[in-house]
Structures are given as C-alpha cells and as structure tokens.
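The residues making up each chain are set out below.
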Amino acid sequence: MSSNETTGPGTRKRRVDTMRLLLLLPLALFVGLAGLLLFRLYAGDPSIIPSALIGREVPQFELPPLDGLESDGRQVPGFASGDLKGNGVTLVNVWASWCVPCREEHPLLSELARDDRFRLFGMNYKDGADNARRFLGRYGNPFEAVGADANGRVGIDWGVYGVPETFIVDDDGAIVYKHIGPLTPQSISERLMPEIEKALAPKPAS
C-alpha cells in the first residue's frame, strides 16, 4: 500500500472527526451532568427529600450542653438519644449562628415552643459557643435543651444536609419526619403540623 493511500484526504478527515469527538465528549458529559443537577434542584419541593432514617430510631448519640447557656440561672441541658424516647413528641431543630436562614425561621420556632404538646430541642451545628450564645441572646432561646455538635459528627449520623433542618421524633424515639431548609408559615401549616398531629395521635393497640 502506498503512502498516499494511508495519508489521503479520507484518512485525514477520519482523524479530524475522531479528534473532534474526543474533544466534544467531556463537554457532552458536563452538559448532561449539569442538566441532571438542575432537574434534581427544580423538580418538586427541595424541602422534601427522602431520608433513610425515617421510621427508624434516632442514632445513638450524646450532645453536651452549649457552654455558658443559662435559663433562670441554670445551665440549659444538652441531650442524648435516650432523652428522645418515652418523653412524648420532640422537634429537633438543627441550627447555627452563621446560618442566615436560621435567623429567618427563628421567630417561628418561638411560636412553636408555645405549644406544650411537644418539646423543642436545638442541635447547634458546627458552631462556636460564644457565637451561639450571642445568637440566642439576641433572638431568644425557644429550646428546652441545646446540644452542641461542634464537629458535626452527630449531624452526619442524623443525615443532616445543611442547616436549618427540623426533625420530628415520636415517643418511641423514631424519626418520623424531616424538613430541610427554613420553616415558613406555609410549610408549618401544610406539612409540619399535620406530621406532628400524626405523631401525637395514640397508636392503635397491637
């Protein structure tokens, strides 16, 4: 075979087409991945994300109290997994002083704290004690207990994506609902309160 046959116009064209394909492949993969992420971001309500922990007991954990946080001259306690079982329904709100949406939802937490049918606990996530105390000093402390998750380890075990997040834990110590993102009047009335009512309802006799 002559050299002209191996380096002719047809061969050069195939090489150019191959190079173009190799250059376009990463771009096509990027566009496909970006499209998938956009679909996941805007499809449905981002606050409703399935959790593997729904219906299961809370992970075993123990959170120390937020250092220096007092109420009526007493240290506000931390809490552990054992505190969430056999003591009624508990809302666990994951928050941090550096979280802007946490400030937006905080007045709503104060309103929820007035309902004595359930307890409201706070998990202070990856925060400094001084900053967290200043936050609660400025906006008020609606929590009966505040556990300091300084390194975020407990939050990871709970499947926390970010802050704020709010969990409903029933009297059996099981997570029955998870809300991702800041609470709003609409999300409280349409989703959170109905789920709380379900958790408060007497369980049928087995």
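Each remark here, short or long, concerns the structure printed above.
Residues numbered from 1 in each chain as written. Predicted model: local features only at pLDDT ≥ 70, side-chain atom pairs only at ≥ 80, totals over all residues. Heavy atoms only, no water.

Participant: How should the side chain of Thr 166 be read in this particular structure?
Facilitator: Among the structural elements, Thr 166 can be located in strand E8 (residues 165–169). Since its relative accessible area comes to 0%, Thr 166 is described here as buried. A polar atom in the side chain of Thr 166 sits 3.0 Å from the side chain of Asn 93. With residues near it in sequence (within four places) discarded, Thr 166 still touches Leu 91, Val 92, Asn 93, Tyr 177, Lys 178, His 179 and Leu 183. (Helix = DSSP H or I, 4+ residues; strand = E, 2+ residues; numbered from the N terminus. Buried < 20%, exposed > 50% of the residue type's maximum accessible area, 1.4 Å probe, protein only. Polar contact = N/O pair within 3.5 Å; in protein donor to acceptor, adjacent residues only side chain to side chain. Contact = heavy atoms within 4.5 Å.)

Participant: Which parts of the structure should I look at to understand the packing of helix H3 (residues 100–112) against helix H4 (residues 129–139)?
Facilitator: Helix-helix packing is characterised by the crossing angle of the two axes and by the distance between the axes. Remark: H3 packs on H4, axes separated minimally by 11 Å, with the N-to-C direction vectors making an angle of 40°. In terms of axis orientation, H3 runs oblique to H4. Classified by chirality, the crossing of H4 by H3 is right-handed. Counting all contacts with H3, which are made through Cys 102, Arg 103 and His 106, the residues of H4 involved are Phe 135, Leu 136 and Tyr 139. Tallied by class, residues from the contact of H3 with H4 come to four nonpolar, one polar and one charged. (Axes fitted to C-alpha atoms, helices over the stretch in contact; angles between N-to-C directions. Parallel < 35°, antiparallel > 145°, perpendicular 65-115°, else oblique. Left-handed = near helix turned anticlockwise from the far one by under 90°. Nonpolar A, V, L, I, M, F, W, Y, C, P; charged D, E, K, R; others polar.)

Participant: What should I look at first to understand helix H6 (residues 185–200) in this one?
Facilitator: For an α-helix, 3.6 residues make a turn, and residues three or four places apart therefore share a direction. Considering bend angle alone, the principal kink of H6 is centred on Leu 192 and spans about 35°; proline Pro 194 follows within four residues of it. The set of residues buried in H6 consists of Ser 187, Ile 188, Leu 192, Met 193, Glu 195, Ile 196 and Ala 199. Residues of H6 that are buried in the fold lie against strand E5 (90–95), H3, E8 and strand E9 (175–180). (Bend = angle between axes of the 7 residues up to and from the residue.)

Participant: Please clarify how the environment of Arg 134 should be interpreted in this entry.
Facilitator: Mapping Arg 134 onto the fold places it in helix H4. Spatially, the C-alpha atom of Arg 134 lies 8.2 Å from that of Ser 97, the residues being 37 residues apart in sequence.

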